[in-house]
Amino acid sequence: MTELADAPAVERDGAITRIPHWIGGTRVEGTSGRTGPVYNPATGAQSGAVDLASVEEIDAAVRNANEALQAWRTTSIAKRAELFFAIRELFHARREDIAKLLTAEHGKVLSDAMGEVARGLEVIEFACGIPTLLKGDFTEQASTGVDVYSIRQPVGVVAGITPFNFPAMVPMWMWAPAIACGNCFILKPSEKDPSASVYTAELLKEAGLPDGVFNVVHGDKVAVDAILEHPGIGAVSFVGSTPIARYIYETGTKHGKRVQALGGAKNHMIVLPDADVEMAADAAVSAGYGSAGERCMAVSVLVAVGDVADPLVEAIQQRLPNVKVGDGMQPENEMGPLITREHRDKVASYLESGSEQGATLVADGRESAPDGDGFFLGVSLLDNVTTEMDAYRDEIFGPVLSVVRAGTYDEAVGLVNDNPYGNGVALFTRDGGAARQFQFDVNAGMVGINVPIPVPVAYYSFGGWKASLFGDSHAYGPESIHFYTRGKVVTSRWPDPSTSKVDLGFPQTR
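Residues numbered from 1 in each chain as written. Predicted model: local features only at pLDDT ≥ 70, side-chain atom pairs only at ≥ 80, totals over all residues. Heavy atoms only, no water.

Q: How do you make sense of the sheet that holds strand β23 (residues 485-493) when you look at a structure like this?
A: Taken in spatial order, the 3 strands make up an open sheet running β6-β7-β23, and their pairing is antiparallel. Two strands bound the open sheet, and with one partner strand each, they are β6 (138-143) and β23. Each neighbouring strand pair of the sheet contributes to a mean axis angle of 30 degrees, computed without reference to strand direction. Taken together, the 3 bridges between β6 and strand β7 (residues 146-154) define a ladder with antiparallel strand orientation. If you follow Ser 143 over to β7, its bridge partner there is Val 146. (Pairing = 2+ DSSP bridges. Helix = DSSP H or I, 4+ residues; strand = E, 2+ residues; numbered from the N terminus. Axes fitted to C-alpha atoms, helices over the stretch in contact; angles between N-to-C directions.)

This is how it looks when you write it as structure tokens:
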């Protein structure tokens, strides 16, 4: 263990806190002369100013990571595993400190932030099993006197570009398996809520991770492009919107990098007529409005099949007044603000356009939002939404739930399969046969049966289909081990020198 990382201050009496980079094991103030504002979304007040990296600062991070790479990749797997057990214990002990940072800059309620950290910790726990995860194959006597075995080796210096909605968990999806595999990692977090990433770096140093193995560079498109184009970075992971995911994938691969880019979503929750209406209504409210709808796995479209529609909408409407919206630091609140004023206003605009395009505005979050300067929007419900409406076609990313009415199971599944996104989907039913058929029929990467948000556990992998994923590798779990390593096959023979001879024929195995 190195020196202790103090619990971070979430606000300093209204002062603006400067948020620096982390390069080579220490805080490094930016030299680009550019900063970005960081807000407390619950109050609307600026709380921080984050340094925005220049191309030269990205190059410095890559240089430091590359200098640390040789020693780290040759560190034994046993020592890496031991270190990850220490990392897990330290992050678990400081989980409330991390969560408070998330609430202060993202706005999500503290209980939700604690849940985010807990799910990220599961990926760290998965990485503790790296000795087993990196086991190769061995074939003795593949040919006479010849053995063949496979090994997986780290890519080298890799980078992650992460979104604002999960400032701790999504980076853990990336850096935990990447570092456990022997890579050095550069994180470019969202500039909207960057403090958790710097605190993560401090905790990793305290746990004993060598300097340079984990680096944080804040920034905007200048930093992103520098990462995508840098010849010293071998792989890039990304989570964010579909247009940016496409850009990340195309630009990164153009520059010879391995890229996994997870894009946006329009997650449907289908409720069949036989479903338990009360349970489905509870699930729809939880999955639609948790974290103010700023989740890539949030339910944004509720597909009510047949005559379940009216009682289901009524049950949801009855629950909405009970959702407590307010400052995430107050334990009684269940939903916090949105990330910025601009995003709040954009989300609210779908209520207006939905009404104009023919939807029924059952609950208007503009009327129920708390007073003050915070970026709040109350829970909102649109009924009788159709596929040509903006509220259906766009990824809203806020507390707006759209109800689409379908006549049959086939019509409901067709909605999911015709949608350009394919991240997650859920089915609520009491019919096991229908559920089994559904998981076979539906075109999405993650499927829930009576589970509204089917985020896989850490020893499976996370990712969607269609425009929700660019590249062929999902995040965390077994696929992350393959993404952050390269396979190598060794064919070995130790012959008696007296039997050696020249043979120009094609190599034989028999």
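Continuing now.
Q: Help me out: how do you make sense of a nonpolar patch on the surface in this one?
A: Taken together, the side chains of Val 457, Tyr 459 and Tyr 460 present a nonpolar region at the surface, about 350 Å² in accessible area. Within the secondary structure, Tyr 459 sits in the loop between β20 (446-449) and β21 (465-466). (Patch = residues over 30% accessible without salt bridge, like charges linked within 9 Å, V, L, I, M, F, W, Y side chains within 5 Å. Areas by Shrake-Rupley, 256 points an atom, 1.4 Å probe, with all protein chains shown as cover. Salt bridge = Lys/Arg side-chain N within 4 Å of Asp/Glu carboxyl O.)

Q: Hey, could you run me through the pattern of salt bridges in this one?
A: Side-chain pairs of opposite charge can arise where the charged atoms are in close proximity. Scanning the entire structure with this criterion turns up 24 salt bridges. In this structure, the salt-bridge partner of Asp 276 is Arg 430, at a minimum N-O distance of 3.4 Å. Highlighted residues: Asp 276 in the loop between β13 (267-271) and α10 (277-289) and Arg 430 in the loop between β19 (424-428) and α16 (432-441), separated in sequence by 154 residues. Overlapping salt bridges bring together Arg 18, Glu 29 and Asp 51 as one network.

Q: It is not clear to me how the sheet that holds strand β16 (residues 380-383) should be interpreted in this structure. Could you clarify?
A: Within a sheet, neighbouring strands are paired by backbone hydrogen bonds and run either parallel or antiparallel to one another. Read from one edge to the other, the open sheet built from 7 strands follows the order β15-β16-β17-β14-β13-β19-β20, with strand pairing classed as mixed. Unpaired on one side and paired on the other, β15 (360-363) and β20 mark the two borders of the sheet. Taking each pair of neighbouring strands and ignoring which way they run, the sheet shows an average axis angle of 20 degrees. As judged from the 5 bridges shared by β13 and strand β14 (residues 299-305), these two strands associate in the parallel manner. Paired with His 268 across the strands is Val 301, a residue of β14.

Q: In this structure, what is going on with the environment of Val 285? I would like to understand it.
A: Relative to the elements of secondary structure, Val 285 occurs in helix α10. Placed 52 residues apart in sequence, Val 285 and Pro 337 show a C-alpha to C-alpha distance of 16 Å. Those residues within four positions of Val 285 in sequence are excluded, and the remaining contacts are Gly 290, Ile 316, Arg 319, Leu 320 and Val 323. (Contact = heavy atoms within 4.5 Å.)

Q: Help me understand the packing of helix α2 (residues 77-93) against helix α6 (residues 169-180) in this model?
A: A pair of packed helices is characterised by two quantities: the angle between their axes and the separation of those axes. Interaxial distance between α2 and α6 falls to 10 Å at its minimum, and their mutual angle equals 155 degrees. The angle between α2 and α6 falls in the class roughly antiparallel. For the pair α2 and α6, contact is made by Arg 80, Phe 84, Ile 87 and Phe 91 and by Met 172, Trp 175, Ala 176, Ile 179 and Ala 180, respectively. A class-by-class count of the residues in the contact of α2 with α6 yields 8 nonpolar, no polar and 1 charged. (Parallel < 35°, antiparallel > 145°, perpendicular 65-115°, else oblique. Nonpolar A, V, L, I, M, F, W, Y, C, P; charged D, E, K, R; others polar.)

Q: Could you clarify how one ought to interpret the environment of Ser 291 in this entry?
A: Take Ser 291: it is sitting in the loop between α10 and β14. Taking relative accessible area as the criterion, Ser 291 reaches 6% and is therefore assigned buried. Taking C-alpha positions, Ser 291 is 27 Å from His 21, a pair spaced 270 residues apart along the chain. Non-local contacts of Ser 291, meaning those with residues more than four positions away in its chain, are made with His 106, Lys 108 and Asp 112. (Buried < 20%, exposed > 50% of the residue type's maximum accessible area, 1.4 Å probe, protein only.)

Q: For this particular structure, what's the right way to read the nonpolar core?
A: Counting 91 residues, the largest nonpolar core has Phe 84, Phe 91, Trp 173, Trp 175, Phe 185 and Phe 214 as the members making the most contacts within it. Ranked by the residues each element gives to this core, the list is headed by α6, at 10 residues. With near-sequence residues (within four places) excluded, Trp 175 lies in contact with Phe 84, Ile 87, Phe 91, Ile 124, Ala 180, Phe 185, Thr 200, Leu 204 and Phe 214. Core analysis: the second largest hydrophobic core is formed by 68 residues, Leu 338, Ala 363, Ala 406 and Phe 428 among them. (Core = buried A, V, L, I, M, F, W, Y, C linked by side-chain atoms within 4.5 Å.)

Q: How should I be thinking about the pairing of strand β12 (residues 258-262) in this particular structure?
A: Side chains on a regular strand alternate between the two faces of the sheet. Along β12, 4 of the 5 residues are buried, which leaves the element largely enclosed by surrounding structure. Of the strand pairs in this sheet, strand β11 (residues 235-239) and β12 are connected by 5 bridges, and their pairing is parallel. Its bridge partner being in β12, Val 239 is matched across the sheet by Leu 262. On the question of chirality, the crossover connecting β11 to the parallel β12 by way of helix α9 (residues 242-254) is right-handed. (Right-handed = clockwise from strand over helix to strand, strands pointing away.)

Q: Please clarify how the environment of Ile 19 should be interpreted in this entry.
A: Mapping Ile 19 onto the fold places it in strand β1 (residues 17-19). Under the relative-accessibility criterion, Ile 19 is labelled buried at 5%. Between the alpha carbons of Ile 19 and Pro 495 there is a distance of 61 Å; along the sequence they are 476 residues apart. When residues no more than four places from it in sequence are discounted, the contact partners of Ile 19 are Val 38, Gly 48, Ala 49, Val 50, Asp 51, Glu 105, Pro 194, Ser 195, Val 198 and His 218.

Q: Mind showing me how you'd approach helix α3 (residues 95-105) here?
A: An α-helical turn contains 3.6 residues, so any two residues separated by three or four positions project in the same direction. Residues Ile 98, Ala 99, Leu 101, Leu 102, Thr 103, Ala 104 and Glu 105 constitute the buried set of α3. Residue Gly 107 follows α3 closely and has a positive phi angle near 110 degrees.

Q: Whenever I open this one, α16 confuses me. Can you help?
A: Those residues of α16 that fall on the buried side of the exposure criterion are Ala 434, Ala 435 and Phe 438. End-on view of α16: buried residues confined to an arc of 100 degrees, all on one side of the axis. For α16, the exposed residues set more than 90 degrees away from the buried face come down to Gly 432, Arg 436 and Phe 440. Summarising the contacts, the buried residues of α16 are in contact with β13, α15 (409-418), β19 and β20. (Arc of directions from axis to C-beta.)

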